[in-house]
Amino acid sequence: MNQNITLTVNGREKTLNIDVRSSLLEVLRDQLGLTSIKQGCGVGECGACTVIIDDDIIDSCIYLAVWADGKSVRTLEGESKNAVLSTVQKGYVDEGAVQCGFCTPGLIMTTTSFVEKNRGKEISHEEIRKAHAGNTCRCTGYQTILTVAGKCLEPGKEPDE
Amino acid sequence: MAIGQPANRVDAVAKVTGRARYTDDFYRPDMLIAKYFRSTIAHGRVISIDVSKAKALNGVEAVFTYEDVPKIKYATAGHPYALDRSRADVADTLLLDRQIRYMGDEIAIVVAVDDLTASEALELIEVEYESYSPLISPEQVLSKGAREIHPGQSNVIGEHQFECGDLEQGFSQAEVVHEGQYETHMLQHVHIENHTAFAYMNDLEHIVIISSTQIPHIARRIVGEALDIPWGRVRVVKPYIGGGFGAKQDVILEPILAFLTMQLDGRPVKISMTREECMLCTRNRHPMTATVKIGTLKDGTMVARHMDTLFSTGAYASHGHSIAAASGSKNTLLYPRTAIGYHARTIYNNIPIAGAMRAYGSPQVVFALESAVDDTARKIGIDPVEFRIQNGARQNDLNPLNQKPIQSCGLVECLEKGRELIGWQEKMSQRRQQTGNIRKGLGVACFSYGTGTYPMNVEIAGARIILNQDGSVHVQTGATEIGQGSDTVVAQMVSQTMGLPMENIHIVSTQDTDVTPFDPGAYASRQAYIVGNAVYKAASELREKILTYAAEMTDKSVSDLEIEGRNIVLVDQPGKAIISLIDLALDTYYHTDRGGQLTADVSHKTLANPATFGCTFVDITVDISLCRIRINEIFNVHDSGVILNHSTAKGQVEGGMAMGIGAALSEQVLIDPESGKVNNNNMLDYKVPTMIDLPDIGCAFVETVEPTSAYGNKSLGEPPVISPPPAIRNALLDATGVAINEIPLAPQVLFRHFKQAGLI
């Protein structure tokens with residue numbers, strides 16, 4: 001069975017005709033070509049498919065596309081603007097927090113959401129670790145990712161435009 | 001930015017913007033989806049199979065069984081072709097097979113218009129088995145009269161031994177002898193991108209395969225071998241890949257996909273494994289048991305050591321006996337001034353297939369050796385760091401295997417640096433008798449490793465550099481970027497040798513066997529070392545051509561000229577351009593009477609295999625009643641020669657250590673000992689460390705200069721994973737006095753041993 005949904009994706013409104021059984025991951029990748037969203041497990045274990053819906057991070061592989069009707073979705077494709085990387089993206093580049101890059105899109109969305117929610121707060125390493133525990137990375141050992149998140153929260157780092 | 005600088009990765013922006021394209025990102029609306037029909041028993045034979053209902057399902061394009069595929073057995077290991085065919089990899093695999101050797105074996109394959117239809121069709125296949133009793137444990141496999149898992153072939157697929165020095169004399173001279181048994185279990189790579197590939201035909205002859213592989217050129221050859229078609233008809237393209245760690249150093253999906261597209265009129269066919277399938281049906285790390293015997297004098301001089309190992313490769317040979325053999329050789333350099341003996345066997349069993357995994361058997365062997373070394377140090381009452389410094393390799397020691405001097409070695413300096421970083425002496429001197437529930441421990445372990453596979457295999461690499469019209473260069477190598485940072489260090493090498501700025505060096509990241517220079521691929525921590533020698537040659541050659549052309553244009557002598565950034569300058573007047581590279585390049589392309597495109601295209605064989613060294617130091621707290629280990633501090637210190645890029649090098653070490661910590665504390669493929677069923681082939685039940693499971697990870701380097709490398713570097717990708725597990729095991733011994741000779745040191749294992757020791 002198919003159904004129309006209307007949602008905002010990276011700031012643009014889209015109306016899509018979808019198979020009601022589709023996950024949000026399938027619709028965003030196959031119909032909109034947003035291939036930053038990776039599937040690593042398909043059952044919400046690895047976090048490679050993380051996107052931001054309204055203000056929360058979710059695993060798009062276990063989120064039905066019909067649930068996104070009327071909502072606002074952010075994917076990694078929308079994070080750099082006018083050829084300028086977001087603060088978090090730039091942090092991943094500068095700290096060497098990228099290796100194979102497959103978990104990177106999901107991790108950047110998680111860090112982005114975490115940084116936006118915690119700006120101006122005193123945040124411990126333990127809190128950063130806990131907030132990122134839903135994203136598995138097999139390459140980095142997370143040390144550089146911890147550094148990126150910490151630096152993005154340092155006083156004086158302004159929110160991206 | 002040249003060698004030694006922490007240059008940002010050349011692919012970082014593509015990856016942080018989500019624009020880097022991986023195999024699954026090449027979408028085609030007409031793509032057919034193939035899915036394997038897999039066995040639900042671990043050992044047996046298919047008596048009959050009925051696929052008629054599956055074939056009749058709407059949307060199913062084809063179903064193939066073991067009856068439909070070529071009867072050609074091929075080897076899947078990602079090794080270069082062996083000219084000496086007696087040393088060729090074990091050819092024991094058919095595209096589909098009626099003999100069943102593990103639970104998940106491939107019997108048939110369905111091709112459908114989409115994933116759901118293919119899954120539905122699998123449910124409609126009816127199969128009848130003759131079931132044999134599964135041979136899971138080594139005891140079962142080696143028992144008298146055990147059934148041959150590959151009929152006509154022994155269940156022991158390889159066995160060898162060697163001796164360096166006089167072992168018998170060494171042990172007779174020994175004043176203290178320690179002997180112990182050690183065991184490691186099966187592990188999974190858990191690269192985040194599952195195995196995935198698709199194939200189609202460009203015309204009626206050529207097959208194109210896009211694959212997440214570490215070894216595109218080897219994959220091309222093996223597809224040719226498996227289907228008995230000329231290798232030149234096969235083209236393998238490797239885009240960005242989401243990790244491999246050795247699991248993609250086997251050729252798993254490419255041959256069947258080539259077969260399918262040939263059967264289906266060249267239409268595109270894809271297999272994307274699910275996580276569960278990928279963890280069960282690709283490759284794993286071999287389980288191993290070892291007996292280690294070490295003889296020493298009372299003053300701490302090691303005089304003899306012997307290891308006897310048994311590796312289980314599972315249902316198919318994959319890399320065969322190579323892993324047991326390589327890991328036995330590579331550790332000989334760690335304590336080389338002693339008699340050394342090694343005996344190893346590799347066996348088949350009815351469990352998932354073991355193949356290459358980061359550090360290729362060394363983590364297993366070094367766990368046994370470095371645990372035994374600590375046990376020995378305790379027996380003679382000597383500090384375990386001092387014991388290692390006393391016996392560890394030093395520069396110009398002879399490599400026990402070939403009697404050539406070790407040309408670069410910083411092992412002792414690594415141990416000294418690690419000891420300082422962890423505060424070993426201070427913490428040990430403050431140590432009092434520990435009796436409570438919470439106890440602290442310090443541990444150390446070392447490793448030695450190789451760089452590449454010479455002289456067992458050819459070490460060949462290709463590099464092509466082209467001067468563009470704008471004065472920049474494009475660089476193509478056969479070295480495959482799999483996340484380790486190969487492309488970035490190649491750019492740094494070109495920058496160093498040609499004098500060009502990094503932004504004027506463009507790396508072609510994709511390997512395409514139709515156009516990419518030959519290189520067997522990413523494995524054995526060979527890439528930056530072997531390709532470095534090719535890149536150096538190519539960059540030197542192109543630099544020479546550019547300067548010769550500049551000399552002709554400017555009427556100067558070649559020896560007076562140098563490339564400096566975007567210009568050619570006089571050697572004695574740096575900073576003053578006599579001609580820009582752009583003007584020179586435009587002239588080479590567009591002058592009507594002279595010049596031509598300036599390129600260098602090099603293939604180079606390296607005839608050396610330098611040893612690398614390093615160690616782990618760890619400080620832990622053990623909660624005895626909870627059976628838990630907490631890592632307070634952990635450091636790896638590496639001698640990998642010259643560090644090409646401190647940022648990516650640190651990344652390799654931290655990631656490897658995390659994988660080592662997982663192996664030490666939580667990871668194990670759980671196989672039912674009766675049925676052979678894997679109980680945790682998913683990321684929820686197989687415990688890869690998440691961010692909250694890991695401590696802060698520290699690392700440092702002792703830089704030596706390796707003379708056989710154009711840039712002084714040695715292996716770094718794999719070694720960081722090797723020594724954390726024995727270091728943590730030794731710290732647990734230090735904390736509790738309990739020697740646990742197996743990993744993972746998970747709570748249930750600690751409980752068993754603590755109970756036995758009367759601690760709980």
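Draft legend 1. Inspection of the domain arrangement of chain B at higher detail. All names here are of chain B. Taken domain by domain, chain B comprises domain 1 (23-132 + 195-272), domain 2 (372-450 + 611-756) and domain 3 (460-605). The gap between the C-alpha centroids of domain 1 and domain 3 is 39 Å. Taken together, the contact pairs 18 residues of domain 1 with 17 residues of domain 3. Summing both sides of the interface, domain 1 and domain 3 together bury roughly 1,500 Å²; the carbon and sulfur share of this comes to 53%. Looking at the side of domain 1 facing domain 3, the largest losses of area belong to Gln-214, His-217 and Lys-238, adding up to 41% of the total buried there. Applying the counting rule to domain 1 against domain 3 returns 2 salt bridges. Its salt-bridge partner being Arg-235, residue Asp-514 comes within 3.7 Å of it at the nearest N-O pair.

Draft legend 2. Here's a closer look at the sheet that holds strand S9 (residues 196-201) of chain B. All names here are of chain B. Strands sit in the order S3-S5-S1-S12-S9-S10-S11-S20 across an open sheet of 8 strands; the sheet is mixed. With partners counted over all chains shown, the strands left at the sheet margins are strand S3 (60-65) and strand S20 (511-512), one partner each. Pairing between S3 and strand S5 (residues 106-112): 5 bridges, direction antiparallel. Paired with Val-60 across the strands is Ala-112, a residue of S5. Of the strands in this sheet, strand S10 (207-211), strand S11 (234-238) and S20 touch helix H6 (residues 216-227), which is tilted by about 150 degrees from S11. Contacting strand S1 (32-38), S3, S5, S9, S10 and strand S12 (269-272), helix H7 (residues 254-263) crosses the sheet at an angle of about 30 degrees to S9.

Draft legend 3. Layout of the side chain of Thr-338 of chain B. Residue and element names in this part refer to chain B. Mapped onto the secondary structure, Thr-338 falls in the loop between helix H9 (322-330) and strand S15 (339-348). Given the relative accessible area of 10%, Thr-338 is considered buried. There is a polar contact of 3.0 Å between the side chain of Thr-338 and the backbone nitrogen of Ala-304.

Draft legend 4. Just helix H1 (residues 24-31) of chain A, in detail. What H1 of chain A keeps buried is the set Leu-24, Leu-25, Val-27, Leu-28 and Arg-29 of chain A. Buried residues along H1 of chain A sit against strand S1 (2-9), strand S2 (12-19), strand S3 (50-53), strand S4 (56-59) and strand S5 (72-74) of chain A.

Draft legend 5. Broad picture of the pairing of strand S21 (residues 561-564) of chain B. Residues and elements named next belong to chain B. Going residue by residue along S21, you find Leu-561 and Ile-563 tucked away on one face and Glu-562 and Glu-564 left uncovered on the opposite face. The pairing of S21 with strand S22 (residues 567-570) spans 4 bridges and is classified as antiparallel. Within S22, the residue paired with Glu-562 across the bridge is Val-569. Taking the residues between adjacent antiparallel strands as the criterion, S21 and S22 are bridged by 2 residues, where Gly-565 takes a positive phi near 65 degrees.

About the thresholds
- Residues numbered from 1 in each chain as written.
- Chains lettered and ligands numbered in written order.
- Predicted model: local features only at pLDDT ≥ 70, side-chain atom pairs only at ≥ 80, totals over all residues.
- Heavy atoms only, no water.
- Domains from an automatic or database assignment.
- Contact = heavy atoms within 4.5 Å.
- Buried area = accessible area lost by both parts, 1.4 Å probe.
- Salt bridge = Lys/Arg side-chain N within 4 Å of Asp/Glu carboxyl O.
- Pairing = 2+ DSSP bridges.
- Helix = DSSP H or I, 4+ residues; strand = E, 2+ residues; numbered from the N terminus.
- Axes fitted to C-alpha atoms, helices over the stretch in contact; angles between N-to-C directions.
- Buried < 20%, exposed > 50% of the residue type's maximum accessible area, 1.4 Å probe, protein only.
- Polar contact = N/O pair within 3.5 Å; in protein donor to acceptor, adjacent residues only side chain to side chain.

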